[in-house]
Amino acid sequence: MAFDPALPYRLHPKVALRPERFGALAYSYDTRRLSLLRDLDLVAVVGALADAPSAAAALAAVPAAKRPAVERALARLVETGFVQPC
């Protein structure tokens with residue numbers, strides 16, 4: 001599935017997000033995959049997705065200069081199944 005920032009997203013129900021000093025670890029109990037989220041802004045966006053009306057709304061809190069990189073990382077999380085549309 002292609003990432004569309006206009007849609008609402010959430011962390012997959014079978015993914016656990018554990019905060020770390022460097023950002024967070026995301027572990028999928030479904031696929032047994034581990035993903036390192038090395039950016040605190042990305043961790044904040046992933047945490048805010050469930051309460052935001054769209055991914056774009058969650059990304060609005062990220063500084064404009066950093067937003068494209070965080071959006072690409074979020075799109076990759078959607079591709080790998082860690083994040084899914086609501």
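For clarity, every value in this text was computed on a predicted model and none was experimentally measured. Throughout this description, residue numbers start from 1 for each chain and increase along the sequence as written. Local features in this predicted model are restricted to residues of pLDDT 70 or higher, and side-chain atom pairs are both shown and tallied only at a pLDDT of 80 or more, whereas totals for entire chains, interfaces and linings draw on every residue. Values shown for side chains rest on all heavy atoms present in the structure; no hydrogens or waters enter the calculation.

Draft legend 1. How the structure looks around the environment of L37. Working definition: helices are DSSP H or I runs of at least four residues, strands are E runs of at least two. Numbering for both runs from the N terminus. With respect to the secondary-structure elements, L37 resides in strand β4 (residues 34–37). With a 1.4 Å probe rolled over the protein chains alone, any residue whose accessible area is under 20% of its type maximum counts as buried; one over 50% counts as exposed, and the rest are partly exposed. Overall, L37 belongs to the buried group, its relative accessible area being 1%. Each C-alpha atom, one on L37 and one on P19, is 9.2 Å from the other, the two residues being 18 residues apart in sequence. When neighbours within four sequence positions are excluded, L37 is seen to be in contact with L17, F22, G23, A24, A26, L42, V43, V46 and L77. Two residues qualify as a contact provided that any one of their heavy atoms is within 4.5 Å of a heavy atom in the partner residue.

Draft legend 2. Representation of unusual backbone geometry within the structure. With a phi angle near 65°, R32 is a residue other than glycine that sits in the positive phi range. Mapped onto the elements, R32 comes out in the loop between β3 (23–28) and β4. Looking at R32, the relative accessible area reads 68%, which means it is exposed.

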